[in-house]
Amino acid sequence: LREVQRIERPPRLPVWPVANGVILTLMDLFGLRDAAISAEASFGGRVAPMSLEYQDTNPFVLAVHHRHSFAKLDPIRPISNYILPEGFPAHPHRGFETITYVLKGGFVHRDSIGVKMRYWAEKDHDTGENQPSVQWLTTGSGLLHEEMWDTSKGLEGPLQTSQQELFQIWL
């Protein structure tokens, strides 16, 4: 077992939805970091890309948390979707496993071996709480896949907002 040698906080970049991410980034710039972190936990809108050195990632393990909300009536969405699609368009992987644990909302997965599946955290009819969904992906010698946020259901509130939250682990 190795000890943690350092903890780095990478810059957070505005993404889905772009309007939220830009507002949160401006809050950071104006010294409202704690308020921005609190708002991000509620509404999402930013991600932190990681760039790690090889010696820090052997064996390779990565954990990512995504929290986003998509308002059906957001006037900026059609423009931002043209530039930055809501999800991860087709991209290759090989030689590792991903485990995706969907807490809220869901995504549509499609890959080069013909699998197309929808993963969604469904509400329990008795308790009303979300029942998580899990996807385990083995990339083997190579796989082209895409995962796009599924914002078609689960719309809540007056702005018809689709809440999305998941953790993904790469092994």
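Residues numbered from 1 in each chain as written. Predicted model: local features only at pLDDT ≥ 70, side-chain atom pairs only at ≥ 80, totals over all residues. Heavy atoms only, no water.

A. Local environment of helix H2 (residues 33–43). For H2, the set of buried residues is Ala36, Ala39 and Glu40. End-on, the buried residues of H2 take up no more than an arc of 105°, which puts them together on one face. For H2, the exposed residues lying more than 90 degrees away from the buried face are Asp34 and Ala41. Looking at the buried side of H2, the elements it contacts are helix H1 (18–29), strand S2 (46–47) and strand S3 (62–71). Just past H2, the residue glycine 44 takes up positive phi, approximately 70°. (Buried < 20%, exposed > 50% of the residue type's maximum accessible area, 1.4 Å probe, protein only. Helix = DSSP H or I, 4+ residues; strand = E, 2+ residues; numbered from the N terminus. Arc of directions from axis to C-beta. Contact = heavy atoms within 4.5 Å.)

B. Fine view of the nonpolar core. Grouped together as the largest cluster of nonpolar side chains are 10 residues: Val15, Trp16, Val47, Phe70, Val102, Phe107, Tyr119, Ala121, Trp149 and Leu166. Those residues in contact with valine 15, other than ones at most four positions away along the chain, are Gly21, Gly45, Arg46, Val47, His68 and Leu84. (Core = buried A, V, L, I, M, F, W, Y, C linked by side-chain atoms within 4.5 Å.)

C. Molecular detail of a nonpolar patch on the surface. On the surface, a nonpolar cluster with roughly 530 Å² of combined accessible area is contributed by Val22, Leu26, Leu29, Phe30 and Leu32. Turning to its location among the elements, phenylalanine 30 is positioned in the loop between H1 and H2. (Patch = residues over 30% accessible without salt bridge, like charges linked within 9 Å, V, L, I, M, F, W, Y side chains within 5 Å. Areas by Shrake-Rupley, 256 points an atom, 1.4 Å probe, with all protein chains shown as cover. Salt bridge = Lys/Arg side-chain N within 4 Å of Asp/Glu carboxyl O.)

D. Focus on the environment of aspartate 74. Positionally, aspartate 74 belongs in the loop between S3 and helix H3 (77–83). Along the backbone, aspartate 74 and glutamine 160 are 86 residues apart, and their C-alpha atoms lie at a distance of 9.6 Å.

E. Structural context of the pairing of strand S11 (residues 143–149). Taking burial as the measure, the seven residues of S11 include five buried ones, the bulk of the element. Where strand S4 (residues 87–93) lies against S11, five bridges are found, and the strand directions are antiparallel. Bridge pairing links phenylalanine 88 to glutamate 147 in S11. Sheet analysis places strand S6 (residues 106–111) next to S11, joined by five bridges and oriented antiparallel. (Pairing = 2+ DSSP bridges.)

F. How the structure looks around the pairing of strand S7 (residues 116–120). Where S6 and S7 come together, five bridges link them in antiparallel fashion. Bridge pairing links glycine 106 to tryptophan 120 in S7. With antiparallel pairing between neighbouring strands as the criterion, S6 and S7 make up a hairpin whose turn holds four residues, including glycine 114 at a positive phi of roughly 100°.

G. Seen up close, the side chain of glutamine 163. Of note, glutamine 163 is situated in strand S13 (residues 161–170). At 2.9 Å, the side chain of glutamine 163 forms a polar contact with the side chain of arginine 67. (Polar contact = N/O pair within 3.5 Å; in protein donor to acceptor, adjacent residues only side chain to side chain.)

H. Representation of the packing of aromatic side chains. One pass over the full model with this rule turns up three aromatic pairs. A ring pair is formed by phenylalanine 70 and tryptophan 149, whose centres lie 6.4 Å apart and whose planes are at 45°; its orientation type is tilted. Linking phenylalanine 70 in strand S3 with tryptophan 149 in strand S11, this pair joins segments that are 79 residues apart in sequence. Relative accessible area serves as the criterion here: at 0%, phenylalanine 70 is assigned to the buried category. Here tryptophan 149 falls in the buried class, since its relative accessible area comes to 8%. (Phe/Tyr/Trp six-rings, centres within 6.5 Å; stacked < 30°, edge-to-face > 60°.)

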